[in-house]
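Spelled out from the first residue to the last, the chains are:
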Amino acid sequence: MMVKKIAVIGAGVSGLGAIKSCLEAELEPTCFEKSSDIGGLWKYEEIPENGRLGIYKSLTCNTSKEMTAFSDYPIPEHYPNYMHNSKMMEYLRMYAKHFGLMKHIQFQTKVCTVRKRPDFSASGQWDVVVEADGVQKTYVFDGIMVCSGHYTEKHLPLQEFTGITQFQGRCLHTWEYKHPGNFEGKRVVVVGIGNSGADVASEISRVAEQVFLSTRRGAWIWNRVWDNGNPMDASLFTRYNRAVQKISPTFLINRQIENKLNLRFNHTNYGLKPQHRILDHRTVLSDDLPNRIITGRVQIKPNVKEFTSTSVIFEDGTEESIDVVIFATGYILSFPFLHDEPTVLDSQYSMFKFVFPPGLEKPTLAFIGIVQPAGAIIPTSELQSRWTVQVFTGLKKLPSKKDMMADITRKRRKMTKDFRKSLKDSRHVQFIDYMDEIASELGVKPNLLSLFLWDTKLAKEIFCGPCTSYQYRLQGPGKWAGARAAILTQRERMLKPLRTRVLKHSQASLSRLFWVKSICVVFFVFVSMLAVVYITSR
C-alpha cells in the first residue's frame, strides 16, 4: 500500500507537532516554511522577513512550561516556568532534533496555491504550487495540514480613526515594535489593550516621557504568579476546578474570579474595569501594567475620538500631545493560498471542531492551531494533529456534513453576544473542555474512574493537578510509556528552577493544598461510583 503524502504548511509550533504526528502515523510529511528557520512567531528577528510575524525582544510565554509542553517531550526541569522567547526556541530545536523533524522541512519555500485535483471527489488529492528561489514547482498530496497560524497579516484599521492621515508623528503596529529604546523621552499612545498592548505600553513607559493606553471596553487583568507563588494556569486549569465550575452558576464563578483579581488591584480605581463579566470576553495577562499605572508612567484612557497633527483627542474630551501612535489592534486570519478554492471555507470560517471544513467531499484538509484556547496552544494543536492523521489514514471517521454543520451551529449558539462580534472570539474555547472533546474523538481521553480503581496516585494527580498534555498519552493512539512518570513528576519540574536557595519545608503549603484536594477527589469519585451503580441497577 502506497504511503500517503501530506503537505504541512508552516514550521511553527503547530507545524512541528503536525510533522511529528504524521511520522507517528507512518505518513510521509513535507513541510513548507517560507522563512529560513523553524519556530514561527517565537523566532525573534530585529527585521522580520516579509509576511512573518515580528515579536518584541522581551516577549515571554503567557503559559507555564508544564502546561505548554508537547505531550511526549517535557520541557527540561531547569527551564523557567514562564519561558522567554529564546528559551522557547531552544525547546523547539530540541524537540525537532529529538524526533528528526528537520529533514522533512523545505525552508524559504512559499506555498502559492492549494487546489483540489480534478478527481478530488474520488481521490481527495490536492495540487500544491510552491515557490523557492523564484522557481515554482507543483506537488500532488493526499492531505493538507494548514499550520500557518493567524499572526501573519496585521489588522490596522486606520479608516476608523478620524484625522490619522494628518498626524505628523510616527504610526506603527505592535508587529513592528522590537524594544523601547526608540521611544525614550517620547509621548506615546498605545491603542488596544490585548496582551501585546499591555506588554508594549508597560515596557515603553520605563523610558518614555508618558504613555497613554487607550481601550474601548477595558479588560480584566491576570498575572502569571498565583497563590503560593505557583504558575497561574497550572493552579487554575485542573479537572477538579473545572468540575466545580460546571455545577456552579455562572454569575457566582464570575463574581469569585473578579473578586480575586480585584484583590490584587481594584480594576475600577485603575480605570480598567470593563462592562462585560470576566467569562464573557477574552482577558489580558500582564504582570507589569498595574505597577506602571500606580507609578503614573501609564495612564488608562478611553477610546480615541480623533487625531490632530500633533495630538490625540479621546472620547471623554481630553486631549494629549503625542509623538508616537502604536496600534495594538491584532491580526487578520488569512489563507492566501486558498483564494482559488472558495468552497473550502465560508465567510465565517466554519470548521468541525475548529479543524475540518465540513463541505469537502473528502476530509483531506485540516486547519491546525487556529483555535483560540484559554490556555496553551501547543497541546491543543498537537492533539488536533494527532486526530487529523487518524482521519487521513481512515482509522477515524468524521460525521456526515449535516451532523458536522449541526455541531458548528450548536457551538455558535453557545457563544456570548460579545464573542459573536469578533471572528477571533468565535474561535475561543475553554482549554480542558476542548482538549477532552478532541481527545474523545481520538480515543485518548483519560478514564478517571478506571484510573482511580487501578492507579489511585495517578488518578489524584490527574484530577487535582494541572491538566497537562501528558494525560492524553496514557492510552489509545500514540500511547507513550513515559506519560505516567511525566504526570507524577510535573510538580517537581515546576519547583526545580525556583530552588536556587533551598529552604526546609518549602513545599509545605503546596502539600497541604494537595491533600485537601485529594480528600475532595476521593469524595467526588465515590459519589460518581454510587451514581454508576444506581444507573446500572435500574
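The paragraphs below set out a description of the structure included in this document.

Procedures and definitions
Counting starts from 1 at the beginning of each chain's written sequence and moves along it residue by residue. Residues qualify for local features only when their pLDDT is at least 70, as the model is predicted, and side-chain atom pairs are given and counted only at 80 or more; totals for whole chains, interfaces and linings, by contrast, use all residues. As a convention, hydrogens and water are excluded, and side-chain values are obtained from all of the structure's heavy atoms. Helix and strand assignments come from DSSP, with helices taken as H or I runs of at least 4 residues and strands as E runs of at least 2, each series counted from the N terminus. Partly exposed describes any residue whose relative accessible area lies between the buried limit of under 20% and the exposed limit of over 50%, with all areas from a 1.4 Å probe on protein chains only and scaled to the type maximum. Residues are treated as being in contact if the distance between any of their heavy atoms lies within 4.5 Å. In these tables, accessible area is a Shrake-Rupley quantity obtained with a 1.4 Å probe, and a residue counts as shielded only by the protein chains included in the view. Centre distance within 6.5 Å is the pairing criterion for rings of Phe, Tyr and Trp, where only the six-membered ring of Trp is used; planes under 30 degrees apart are then read as stacked, over 60 as edge-to-face, and the remainder as tilted. Counting as a charge over the ring demands two things of the Lys NZ or Arg CZ atom: a distance within 6 Å of the ring centre and an angle within 35 degrees of the ring normal. Note on geometry: axes are C-alpha line fits, over the in-contact stretch for helices, and angles between N-to-C directions span 0 to 180 degrees. Roughly parallel refers to an angle under 35 degrees, roughly antiparallel to one over 145, roughly perpendicular to one between 65 and 115, and oblique to any angle outside these ranges. The nonpolar class holds Ala, Val, Leu, Ile, Met, Phe, Trp, Tyr, Cys and Pro. Asp, Glu, Lys and Arg form the charged class, and all remaining residues, Gly among them, are polar. Strands were regarded as paired on the criterion that DSSP finds at least two bridges between them. Counted as salt bridges are all cases of a side-chain nitrogen of Lys or Arg within 4 Å of a carboxyl oxygen of Asp or Glu. One fewer than the residue count of a helix, multiplied by 1.5 Å, yields its expected span. For the purposes of these results, a polar contact is taken to be a pair of N or O atoms within 3.5 Å, where, inside protein, one atom must be able to donate a hydrogen and its partner to accept one; residues adjacent in sequence count only when each atom of the pair is a side-chain atom.

A word on the overall build of the protein chain
Of regular secondary structure, the protein chain possesses 18 helices and 22 strands. With respect to the three principal axes, the spread of C-alpha positions in the protein chain is 70 × 65 × 45 Å. Expressed as a percentage of its 538 residues, the buried residues of the protein chain come to 52%. Contacts in the protein chain between residues far apart in sequence, at least 24 positions, make up 68% of those at least 6 positions apart. Summing over all exposed atoms, the protein chain offers an accessible surface of approximately 25000 Å²; the carbon and sulfur share of this is 53%.

So, helix α15 (residues 456–464)
Taking burial as the measure, the nine residues of α15 include seven buried ones, the bulk of the element. Along α15, the positions that sit buried rather than exposed are L458, A459, K460, E461, I462, F463 and C464.

Notes on the packing of aromatic side chains
Applying the stated criterion to the full structure yields 26 aromatic pairs. Ring geometry for F161 against F307: centres 6.1 Å apart, planes inclined by 65 degrees, an arrangement best described as edge-to-face. Of this pair, F161 sits in the loop between β8 (153–154) and β9 (170–173) while F307 sits in strand β15 (residues 304–307), placing them 146 residues apart in sequence. Just as F161 is buried, F307 falls in that class too. An angle of 40 degrees between the planes, with centres 5.8 Å apart, marks the rings of Y177 and F183 as tilted. For the pair formed by Y177 and F183, the shared burial category is buried. Grouping aromatic residues by their ring pairs yields a cluster made of F70, Y73, Y91, Y95 and F99. Geometry around Y79 places K87 over its ring, the cationic atom sitting 4.5 Å from the centre.

Topic: the packing of helix α7 (residues 239–246) against α15
Angle between the axes and distance between the axes: these two values describe a pair of packed helices. Interaxial distance between α7 and α15 falls to 5 Å at its minimum, and their mutual angle equals 55 degrees. Here α7 is positioned oblique relative to α15, judged by the angle of their axes. Contacts from R239, Y240 and A243 in α7 reach I462, F463 and C464 in α15. Grouping the amino acids of the contact of α7 with α15 by side-chain chemistry returns five nonpolar, no polar and one charged.

Thoughts on the sheet that holds strand β3 (residues 105–106)
The strands that make up a sheet are held in pairs by hydrogen bonds between backbone atoms, and each pair lies either parallel or antiparallel. Ordered by their spatial adjacency, five strands build an open sheet running β3-β2-β1-β7-β20, and the pairing between neighbours is parallel. Two strands close off the open sheet at either side, each with one partner strand: β3 and β20 (365–367). With three bridges connecting them, strand β7 (residues 143–146) and β20 associate as parallel partners. Paired with M145 across the bridge in β20 is A366. Together, β1 (5–9), β7 and β20 form the strand contacts of helix α10 (residues 377–392), whose direction differs from that of β7 by roughly 170 degrees.

Some words on the pattern of salt bridges
Under the defined criterion, the tally for this structure stands at 29 salt bridges. With its nearest N and O atoms 2.7 Å apart, the salt bridge here joins K260 to D227. Taken together, the positions of K260 in helix α8 (residues 250–264) and D227 in the loop between β12 (221–222) and α6 (232–236) put the pair 33 residues apart, joining distant regions of the chain. Through salt bridges with shared partners, one network takes in K353, D407, R410, K411, E437 and E441.

A few points about the sheet that holds β15
Sheet architecture is open: three strands sit in the order β15-β16-β17, paired in antiparallel fashion. The sheet terminates laterally at β15 and β17 (319–321), the two strands that pair on one side only. Neighbour to neighbour, the strand axes of the sheet diverge by 25 degrees on average, direction disregarded. Pairing geometry for strand β16 (residues 311–314) and β17, over three bridges, is antiparallel. Residue pairing across strands places I313 opposite E319, the latter belonging to β17.

A closer look at the pairing of strand β6 (residues 135–141)
Regular strands place side chains that alternate from one sheet face to the opposite one. Pairing of strand β5 (residues 126–132) with β6, which is carried by seven bridges, proceeds in the antiparallel orientation. The residue bridging W126 from the neighbouring strand is F141, located in β6. Remark: two residues form the turn of the hairpin made by β5 and β6, two consecutive strands paired antiparallel; D133 in that turn has positive phi of roughly 55 degrees.

Here we look at unusual backbone geometry
Positive phi, close to 60 degrees, is recorded for K353, a residue that is not glycine. If you trace the backbone, K353 turns up in the loop between β19 (331–332) and β20. Relative accessible area serves as the criterion here: at 7%, K353 is assigned to the buried category.

Here we look at helix α13 (residues 431–442)
The first and last C-alpha atoms of α13 sit 17 Å apart over 12 residues, in line with the 16 Å expected at 1.5 Å per residue. Where α13 is buried, its residues meet α2 (65–68), α7, β21 (372–373), α10 and β22 (428–429). If you check the start of α13, you find a side-chain oxygen 3.0 Å away from the backbone N of I432, and it comes from Q430. Positioned one or two residues after α13, G443 has a phi angle of 90 degrees, which is positive.

Scope: geometric values only; no functional claims are made or implied.
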